[in-house]
Amino acid sequence: MKKIFTVIGVLSLVCFSFYYTNLATEIIKNNDPIMKKIVKVSESYKKESINAVFSDNTIIPGISGVKVDINNSYESMKKYGKFNEDLIVFEEIMPTVSVQNTFDKYIRRGNVTKTNVSIIIIVDDPSYVENILDILNSKEVKVTFFVGKNIINESMDLIDIIIKSGHRVEYKSDEYNVDEVLKYNDLLKVKTNNNLKFCYTDEENITILSNCNYKKMHTIFPNIITTNFPYSDVKRNLDSGSILSFKSNQHTLRELKYIINYINQKGFIIVNLDQVISE
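Computed from a prediction, not measured in an experiment: that's the story for all the values here.

Asks: Can you help me understand the overall build of the protein chain in this one?
Replies: For the protein chain, the count of helices and strands is 11 helices and 13 strands. Relative to the 2.2 N^0.38 estimate, which gives 19 Å for 279 residues, the radius of gyration of the protein chain is 26 Å and therefore markedly larger than a compact globule would have. Its C-alpha atoms give the protein chain principal-axis dimensions of roughly 85 × 50 × 40 Å. Counting every position in the protein chain, which comprises 279 residues, the buried fraction comes to 43%. Contacts in the protein chain between residues at least 24 apart in sequence constitute 71% of all its contacts with a sequence separation of at least 6.

Right, here's the structure in full:
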């Protein structure tokens, strides 16, 4: 019994010593002029996040905020030996309400305060894809191709070409049946090394929204869905955060390079879907 009390006493002493050492270290650090300066300037750098916005069945991504990572900034400057504003370390503040964990709403666009826009190509006719790729590659623009089961089953070589050009490939379905999504996710993953992330619809479709919500996939319902006159459609409707949908056809092939030029001239940046909905 005496040995047990001895062991307990030693362990208590060790724990107290550990606690006291940490407390003393923290006090010294908090009174360091470098730390005091970091804490003083940290509020001037803080930018609050903005929550995603719901409207009926749609969601518009929010904007992440930023704050000073005080401890990492201190460690960085301590090695330097004095306060240096260039060594401030920042950390992201994600919105409380975020598009990243919301799957039961349509995403029609990115945040309107950003200059990013994104292009989607719907591949119904594969015969135009390689020529469209030539235009995209010459303009150094990356887009997302949505391909149906017939393309996946019959033209995996074409999908390979799309992926090797640096573009993203997603599956397109009329309803995104769960078993079907699993099947084509596995087939595409062999080429892309990524799981499917997006569903596509060009109209409100509760079946698609429900199935994709179940699979934790974002349903994209573009705010600009082009017709046989894609340049006019873009020119009339383009604004910040737009998601533009084109079909792989002669109309897109004819006007795509002019559309890209127009988007660039208006000061917008063409990014992939991940980036346009990022917060």
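Asks: Honestly, the packing of aromatic side chains in this entry has me stumped. Any pointers?
Replies: Ring pairs (aromatic) are described by centroid distance and by the angle formed between their planes. The final tally for this structure, using the stated rule, is six aromatic pairs. Between the aromatic rings of Tyr45 and Phe90, the centroid separation amounts to 5.4 Å while the plane-to-plane angle is 65 degrees, which identifies the pairing as edge-to-face. Here Tyr45 is found in helix H2 (residues 33–45), whereas its partner Phe90 is found in strand E4 (residues 90–93), with 45 residues between them in sequence. Overall, the relative accessible area of 41% leaves Phe90 in the partly exposed class.

Asks: Explain the sheet that holds strand E5 (residues 106–107) to me, please; I cannot follow it from the model alone.
Replies: Either a parallel or an antiparallel arrangement is found when strands of a sheet pair, and the pairing is made through backbone hydrogen bonds. With mixed pairing, five strands are arranged side by side in an open sheet as E1-E2-E5-E10-E9. In this open sheet, the two edge strands, each paired with only one partner strand, are strand E1 (53–55) and strand E9 (198–200). Sheet topology note: the E9/strand E10 (residues 218–220) ladder contains three bridges and is parallel. Considered in E10, the bridge of Phe198 is made with His218.

Asks: I'm lost on the packing of helix H9 (residues 230–237) against helix H10 (residues 250–265) in this one. Help?
Replies: Each pair of packed helices gets described by two things: the angle between the helix axes and the distance between those axes. In contact at an axis separation of 8 Å, H9 and H10 are set at 30 degrees when each is read in the N-to-C sense. By the angle between their axes, H9 is roughly parallel relative to H10. In this structure, H9 uses Pro230, Tyr231, Val234 and Lys235 to contact H10, whose residues at the interface are His251, Thr252, Glu255, Tyr258, Ile259, Tyr262 and Ile263. Here the contact of H9 with H10 is composed, by residue class, of seven nonpolar, two polar and two charged.

Asks: What is the right way to look at the nonpolar core in this model?
Replies: Nonpolar side chains tend to gather and get buried jointly when the protein is soluble and globular. Counting residues in hydrophobic clusters, the biggest one holds 56 residues, and the most contacted among them are Phe145, Tyr176 and Ile263. Broken down by element, the residue count for this core peaks at six residues, all from strand E6 (residues 116–123). Aside from chain neighbours lying at most four places away, what touches Phe145 is Ile121, Val123, Val129, Leu133, Leu136, Ile162, His167, Arg168, Val169 and Glu170. Among the nonpolar cores identified, the runner-up in size contains eight residues, and Met35, Ile38, Val68 and Met77 belong to it.

Asks: Can you walk me through the layout of surface pockets in this structure?
Replies: Sizing a probe to match a water molecule and rolling it over the atoms shows the empty space that remains. What the largest pocket holds in volume is close to 230 Å³. What lines the largest pocket is a set of 16 residues, among which Lys172, Tyr200, Thr201, Asp202 and Glu203 lie closest to the centre. Taken together, the residues of the lining of the largest pocket sort by class into five nonpolar, five polar and six charged.

Asks: Could you clarify how one ought to interpret the environment of Glu203 in this entry?
Replies: Along the chain, Glu203 turns up in the loop between E9 and helix H8 (206–214). Overall, Glu203 belongs to the partly exposed group, its relative accessible area being 48%. Sequence spacing of Glu203 and Ser138 is 65 residues, and the spatial spacing of their C-alpha atoms is 32 Å.

Asks: Explain the pairing of strand E7 (residues 144–147) to me, please; I cannot follow it from the model alone.
Replies: Across a regular strand the side chains alternate sides, sitting on one face of the sheet and then on the other. What you see with E7 is no split at all: Thr144 and Phe146 on one side and Phe145 and Val147 on the other are buried throughout. Relative to E7, E6 runs parallel, the two sharing four bridges. Looking at the pairing, Ile120 lines up with Thr144 of E7. You can see the chain leave E6, run along helix H4 (residues 129–138) and come back into E7, and the turn it takes is right-handed.

The rules behind the values
- Residues numbered from 1 in each chain as written.
- Predicted model: local features only at pLDDT ≥ 70, side-chain atom pairs only at ≥ 80, totals over all residues.
- Heavy atoms only, no water.
- Helix = DSSP H or I, 4+ residues; strand = E, 2+ residues; numbered from the N terminus.
- Rg over C-alpha atoms; globule rule 2.2 N^0.38 Å.
- Buried < 20%, exposed > 50% of the residue type's maximum accessible area, 1.4 Å probe, protein only.
- Contact = heavy atoms within 4.5 Å.
- Phe/Tyr/Trp six-rings, centres within 6.5 Å; stacked < 30°, edge-to-face > 60°.
- Pairing = 2+ DSSP bridges.
- Axes fitted to C-alpha atoms, helices over the stretch in contact; angles between N-to-C directions.
- Parallel < 35°, antiparallel > 145°, perpendicular 65-115°, else oblique.
- Nonpolar A, V, L, I, M, F, W, Y, C, P; charged D, E, K, R; others polar.
- Core = buried A, V, L, I, M, F, W, Y, C linked by side-chain atoms within 4.5 Å.
- 1 Å grid on protein atoms, 1.4 Å probe; cavity = no way out; pocket = protein on both sides within 12 Å on 5 of 7 lines; lining within 4 Å.
- Points joined across faces, edges and corners; volume = space filled by probe spheres on them.
- Right-handed = clockwise from strand over helix to strand, strands pointing away.

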